[in-house]
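# Summary of the model geometry
The residues making up each chain are set out below.
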Amino acid sequence: MDNFLDTCIILAAFDKKEKFHRNSKEFLNNSSNLIISVYQEKKEMPFLFFRKEKILTEAIKSSAIPTYQPNTSKLTIKDQIILKKITAKLRLQEMFQQDLFILKKELILLKQEITYFIDNKVSRKVMPLDMIKLEIVAKIKERIQNEADSNILASAIQEHKENKLIIITNDVNDWKRETLIEALKETEYKEVPEIKYLF
């Protein structure tokens, strides 16, 4: 049976600062038949790394030019809070421009490692973008209020109908089987895969 990976598992496996790094890394090292969605590879991860890099770029500009007003377009509310915390630390001299350059180098390395993993260790990328059923995405989004997660879960559930899989995640807030069963009970995708948490 295939193991469908939530993005948080991949990030945690390669980022030693992540809370569930050890468990996630061990799982990836000891598992086969690892799959992700095309949505994760083509949409979610590029946008995720774009945002992370933008936070650091704007913080570096703020450290170089004290009057600079960070450009927060395309950043989520959570991203903007992170950026404000970094700029506050810079003002208080709890963090310095050199620290930001180190973080940026770490981010580039993280992106390279994850790209290599996806290209070489992931067995399949499932559900082309134009095959994701928007009505399934909408039903899920009504419950969890997250666009990316709704597309990823819809991809996993659609794939499960043809090829049985287990969803692997650490997200106990949005990725709940009971929530998905309730959301999809009046659709042709009533059969929701098992969800396994790695903590």
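Throughout what follows, the structure given in this document is the object of discussion. Note that this is a predicted model, so its numbers are computed, not measured.

Reading guide: rules and limits
Residues numbered from 1 in each chain as written. Predicted model: local features only at pLDDT ≥ 70, side-chain atom pairs only at ≥ 80, totals over all residues. Heavy atoms only, no water. Pairing = 2+ DSSP bridges. Helix = DSSP H or I, 4+ residues; strand = E, 2+ residues; numbered from the N terminus. Axes fitted to C-alpha atoms, helices over the stretch in contact; angles between N-to-C directions. Buried < 20%, exposed > 50% of the residue type's maximum accessible area, 1.4 Å probe, protein only. Arc of directions from axis to C-beta. Contact = heavy atoms within 4.5 Å. Polar contact = N/O pair within 3.5 Å; in protein donor to acceptor, adjacent residues only side chain to side chain. Core = buried A, V, L, I, M, F, W, Y, C linked by side-chain atoms within 4.5 Å.

### Looking at the sheet that holds strand E1 (residues 2–5)
- Read from one edge to the other, the open sheet built from five strands follows the order E3-E2-E1-E4-E5, with strand pairing classed as parallel. Edge strands, defined here as strands with exactly one partner in the open sheet, are strand E3 (124–126) and strand E5 (194–197). Ignoring which end each strand starts from, the neighbouring axes of this sheet average 35° apart.
- As judged from the two bridges shared by E1 and strand E2 (residues 34–37), these two strands associate in the parallel manner. The residue of E2 that forms the bridge with Asn-3 is Leu-34.

### Focus: helix H2 (residues 21–29)
- Buried residues of H2: His-21, Ser-24, Phe-27 and Leu-28, and no others. Viewed end-on, H2 has its buried residues packed into an arc of 140°, placing them on one side of the element. In H2, the exposed positions angled more than 90 degrees off the buried face are occupied by Arg-22 and Asn-29.
- Contacts made by the buried residues of H2 are with E1, helix H1 (7–14), E2, helix H5 (97–120), strand E4 (165–169) and E5.

### Considering the side chain of Asp-79
- Structurally, Asp-79 is set in helix H4 (residues 77–91).
- Judged by its relative accessible area of 5%, Asp-79 falls in the buried class.
- Within the local environment of Asp-79, its side chain forms a polar contact with the side chain of Thr-76, the two groups lying 3.0 Å apart.
- When neighbours within four sequence positions are excluded, Asp-79 is seen to be in contact with Arg-51 and Ile-55.

### A look at the nonpolar core
- Judged by nonpolar contacts, the single largest core of 32 residues is most densely connected at Leu-5, Ile-10, Phe-14, Leu-28, Leu-100, Ile-114 and Phe-117.
- Put simply, the parts of the chain that give this core at least two residues each are H1, H2, E2, helix H3 (38–64), H4, H5 and E4.
- With seven residues, H3 is the largest single contributor of residues to this core.
- What Ile-10 contacts, discounting residues up to four positions off in sequence, is Leu-5, Ile-36, Met-45, Ile-114 and Phe-117.

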